[in-house]
Amino acid sequence: MKRLLVLFGSAGIAFGIACSSNPSGNGNGCESTGANVTVNALDNQTFDKTNFTISAGSRVCWQNFGTLSHTVTANANAQDTTWKLDAQLNPDLIVLYSFGKQGVNYTYYCKIHPGMTGTIQVR
Ligand SMILES: [Cu+2]
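Residues numbered from 1 in each chain as written. Predicted model: local features only at pLDDT ≥ 70, side-chain atom pairs only at ≥ 80, totals over all residues.

1. Some details on the overall build of the protein chain
Move 1: The helix and strand inventory of the protein chain stands at zero helices and 10 strands.
Move 2: Beginning at the N terminus, the succession of helices and strands in the protein chain can be written as β-β-β-β-β-β-β-β-β-β.
Move 3: Per-residue burial for the protein chain yields a buried fraction of 25% across its 123 residues.
Move 4: Partitioning the contacts of the protein chain with sequence separation of at least 6, the portion at a separation of at least 24 is 59%. (Helix = DSSP H or I, 4+ residues; strand = E, 2+ residues; numbered from the N terminus. Buried ≥ 20, exposed ≤ 12 C-beta atoms within 10 Å, placed from the backbone. Contact = placed C-beta atoms within 7 Å.)

2. Here's the deal with the environment of Gly66
Move 1: Along the polypeptide, Gly66 turns up in the loop between β5 (59-63) and β6 (70-74).
Move 2: Separated by 24 residues in sequence, Gly66 and Leu42 have C-alpha atoms that sit 6.0 Å apart.
Move 3: Discounting residues that sit within four places of it in the chain, Gly66 has contacts with Ala41, Leu42, Asp43 and Pro91.

3. Focus: the sheet that holds strand β8 (residues 94-98)
Move 1: Strand order across the open sheet formed by three strands is β3-β5-β8, with mixed pairing between neighbours. The open sheet is flanked by β3 (37-40) and β8, the only strands paired with a single partner. Across the sheet, the axes of successive neighbouring strands diverge by a mean angle of 20°, strand direction being ignored.
Move 2: Sheet topology note: the β3/β5 ladder contains four bridges and is parallel. Paired with Val37 across the strands is Val60, a residue of β5. (Pairing = 2+ DSSP bridges. Axes fitted to C-alpha atoms, helices over the stretch in contact; angles between N-to-C directions.)

4. So, the nonpolar core
Move 1: Judged by nonpolar contacts, the single largest core of 23 residues is most densely connected at Trp62, Leu89, Ile94 and Val95.
Move 2: Of all the secondary-structure elements, those providing two or more residues to this core are β5, β7 (86-89), β8, β9 (105-109) and β10 (117-122).
Move 3: Ranked by residues supplied to this core, first place goes to β8 with four residues. (Core = buried A, V, L, I, M, F, W, Y, C linked by C-beta atoms within 7 Å.)

5. Some words on the pairing of β9
Move 1: Burial of β9 is one-sided: the residues Tyr106 and Tyr108 facing one way are buried, the residues Asn105, Thr107 and Tyr109 facing the other way are not.
Move 2: Both β6 and β9 contribute to a ladder of two bridges, which runs antiparallel. Following the sheet pairing, Thr73 is matched in β9 by Tyr109.
Move 3: In this structure, β9 lies alongside β10, joined through five bridges in antiparallel fashion. Note on β10: the bridge partner recorded for Tyr106 is Ile120.

See the structure below:
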């Protein structure tokens, strides 16, 4: 039984949907979400993409096919105070977020491994 946690954020409104599902084949992970960018949280305690640029409205999906638990946790952002994502990214979970505010650099980290950090530039 795979567990799926999806967090959607849009225009500063974030809400979570937790559900159980039993996807088959390559329906697992971010692939089936249609996200614009997928970030893998790796067992070597890094995100596989640490700094990238997206256009406003793009959706980023984090996935974890490893064995360690992680989080996707927002750093406070003066340009967008609604950036408060704090989501568990345990093995087999995904986190999905839609970035709506152009011109903002969003940074985040993993609370469990604070050396895991990432930056998303919305242009
Ligand atoms: Cu971590």
